[in-house]
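Chain by chain, the residues:
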Amino acid sequence: MTLVYPEPSLPLEEASTFRMHIGGAESNTALYLASLGHSTGWVSRVGDDPFGRRMTSELQRFGVDTSAVSTDQNAPTAVYFKDPTPQGTTVHYYRRGSAASRMDAADIDRASFNGVRVVHLSGITPGLSDSCASMVDYAIRTARNHGALVSFDVNYRPGVWDVETASPVLADLSRRADVVFVGRDEAETLWGTATSDDIANYLNLSGSLIVKDGDVGATEFTDGVRTFAPAVPVSVVEPVGAGDAFAAGYLSRLVAGDTVASRLEHGHQLAARALSSLSDFNPLD
């Protein structure tokens, strides 16, 4: 999606100047991983419009492979707006009928899985349409067939689908993944789980579960071992995109073979960088 936000930080009703950047969970994670030196590709559809062309060229500029991105001649690139107020930031999505919402298994078939070590997916995508839900299922099966790890960020968005519909779907996708990221608060909304341990017991994953709890820290559960790492102190400008950055930091250290503590700490460091900016992606120096 294309992200639009006011600069300086003012409510949309009062703002007169705006910035435009790349937005979207998977693309944010891909951008951070590419900035960390990893070979990264992004699979999606964009509209045949200035937003889609700008997004694709920006991803390419930061080193993300967009060869599997297609252009839909009959649907627009989605746009969303951030509305920062003293009470917090509200996000307004305009993606119904967007090019990305029309994705299906053919989009996965355009991508090369040769040498791919991790396939990262978001719980936003299956809520966009039935064809997107089928595509996510197909992506998991394809990743398995190629020996890649499946990373899944639950990323529940009430503006995409309701809790009753999303809850069982996101739990099922979590149980099929090798690495799962979820916020403690969103898990409580989805599954009524109040603590990190409650989430781990409810999902009962065979892989790794990382529970993020805002400015408290993050806890990983793997093979019955519980590891906690406190969050990095940071002056928060805006929280959207921090979870995507955390996933990138964690996955970067995962493929490097680092310890659980190192993975969590690196996730916090990148999340702190995202928290200090209105943009979802805050490029590394």
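Figured I'd write up the structure that's included with this text. Here the structure is a predicted model, which means the values were calculated and not measured.

This brings us to the overall build of the chain. When helices and strands are counted, the chain shows nine helices and 14 strands. Scaling as 2.2 N^0.38, a compact globule of 285 residues should have a C-alpha radius of gyration of about 19 Å, and the chain matches this with 18 Å. Summarising its shape, the C-alpha atoms of the chain cover approximately 50 × 45 × 40 Å along the three principal directions. Each of the 285 residues in the chain was classed as buried or not, and the buried ones make up 52%. Taking as baseline every contact in the chain between residues at least 6 positions apart, the subset at least 24 positions apart corresponds to 66%. Carbon and sulfur atoms make up 49% of the accessible area of the chain, which amounts to about 12800 Å² in all. Positive and negative side-chain charges in the chain, numbering 22 and 35 respectively, have mean positions lying 4 Å apart.

Now for unusual backbone geometry. Omega for the bond connecting E7 with P8 falls within 30 degrees of zero, at 5°, which places this linkage in the cis form. You can see P8 is positioned in the loop between β1 (2–6) and β2 (18–22). The phi angle at N155 is positive, at roughly 45°, despite the residue not being glycine. Examined against the element boundaries, N155 turns out to sit in the loop between β10 (149–153) and α5 (163–176).

To continue, consider the sheet that holds β1. Spatially, the four strands line up as an open sheet ordered β2-β1-β7-β8, and their pairing is mixed. At either margin of the open sheet sits one strand with a lone partner, and together these are β2 and β8 (88–94). Taking the axes of each pair of neighbouring strands and ignoring which way they run, one obtains an average angle of 25° across the sheet. The strands touched by helix α2 (residues 50–61) within the sheet are β1 and β2, with β2 carrying the most contacts at an inclination of about 60°.

Time to look at α5. Taking 1.5 Å of rise per residue, the 14 residues of α5 would be expected to cover 20 Å, and the 20 Å separating its terminal C-alpha atoms lies within 8% of that figure. Within α5, burial applies to A166, S167, L170, A171, L173 and S174. Buried residues in α5, looked at end-on, bunch into an arc of 165°, giving them a common side. In the core, the buried residues of α5 are packed alongside α4 (130–145), β10, β11 (179–183), α6 (184–191) and α7 (196–203). For α5, the capping residue at the N-terminal end is D162, with a side-chain oxygen 3.2 Å from the backbone nitrogen of E164.

Another aspect to go through is the pairing of strand β7 (residues 79–85). When you tally the buried positions in β7, you get five out of seven residues, the bulk of the element. In this structure, the hairpin formed by β7 and β8 is closed by a connection of two residues.

What counts, and at which threshold
Residues numbered from 1 in each chain as written. Predicted model: local features only at pLDDT ≥ 70, side-chain atom pairs only at ≥ 80, totals over all residues. Heavy atoms only, no water. Helix = DSSP H or I, 4+ residues; strand = E, 2+ residues; numbered from the N terminus. Rg over C-alpha atoms; globule rule 2.2 N^0.38 Å. Buried < 20%, exposed > 50% of the residue type's maximum accessible area, 1.4 Å probe, protein only. Contact = heavy atoms within 4.5 Å. Areas by Shrake-Rupley, 256 points an atom, 1.4 Å probe, with all protein chains shown as cover. Lys, Arg positive; Asp, Glu negative; His and termini not counted. Charge placed at Lys NZ, Arg CZ, Asp CG, Glu CD. Pairing = 2+ DSSP bridges. Axes fitted to C-alpha atoms, helices over the stretch in contact; angles between N-to-C directions. Expected span 1.5 Å × (residues − 1). Arc of directions from axis to C-beta. Polar contact = N/O pair within 3.5 Å; in protein donor to acceptor, adjacent residues only side chain to side chain.

Keep in mind these values describe shape, not function.
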